[in-house]
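Descriptive analysis of the structure
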Amino acid sequence: QVQLVESGGGLVQPGGSLRLSCAASGNIFSIFTMGWYRQAPGKQRELVATITSVGSTNYADSVKGRFTISRDNAKNTVYLQMNTLKPEDTAVYYCNADSPNVPGLRDMNYWGKGTLVTVSS
């Protein structure tokens, strides 16, 4: 099984930056699509960004131009660089790993426990 552990959350002022990290266990990390999701109080969980095994990225419109997702397969780690943070970015951020559609590989989906990001003055 794959275990995901997020880190890097905390309190930051509007306009500031944070970098979130997600460390994954297992030796098949490199073939998974990785993603960051977030959930604010009273709201549904939403997709923030994803990155495929070949490096293709996708971002929510609300974070385009401000956030960057990246991965380091040698370290089994995915990152989310968050710049120009706004109060509306306040949420619990969750790391996700999704298996590829490869013959012989069962469908697998994993979630971390989340890390809290608070943007406030």
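Quick look at the structure, then. (Residues numbered from 1 in each chain as written. Predicted model: local features only at pLDDT ≥ 70, side-chain atom pairs only at ≥ 80, totals over all residues. Heavy atoms only, no water.)

1. Thoughts on the state of the cysteines
Disulfides are covalent bonds that link the sulfur atoms of two cysteine residues. Counted under the stated rule, the structure contains one disulfide. There is a disulfide in this structure between C22 and C95, and the S-S distance comes to 2.1 Å. Disulfide C22-C95: torsion about the S-S bond near -85°, hence left-handed. Residue C22 is located in strand β3 (residues 18-24), and its partner C95 is located in strand β9 (residues 91-98); the two are separated by 73 residues in the primary sequence. Among the residues examined, C22 registers a relative accessible area of 0% and is labelled buried. For C95, a relative accessible area of 0% puts it in the buried group. (Disulfide = S-S within 2.5 Å. Helix = DSSP H or I, 4+ residues; strand = E, 2+ residues; numbered from the N terminus. Buried < 20%, exposed > 50% of the residue type's maximum accessible area, 1.4 Å probe, protein only.)

2. Re the pattern of salt bridges
In this structure the tally under the stated criterion is four salt bridges. For E46, the salt bridge goes to R38, with nearest N and O atoms at 2.8 Å. Taking the relative accessible area as the measure of exposure, E46 reaches 31% and is therefore partly exposed. The salt bridge involving R66 is made with D89; its shortest N-O contact spans 2.8 Å. Of the two residues, R66 is situated in the loop between β6 (57-59) and β7 (67-72) and D89 in the loop between β8 (77-82) and β9; the sequence distance between them amounts to 23 residues. Looking at R66, the relative accessible area reads 10%, which means it is buried. A network of salt bridges, in which partner residues are shared, links R38, E46, R66 and D89. (Salt bridge = Lys/Arg side-chain N within 4 Å of Asp/Glu carboxyl O.)

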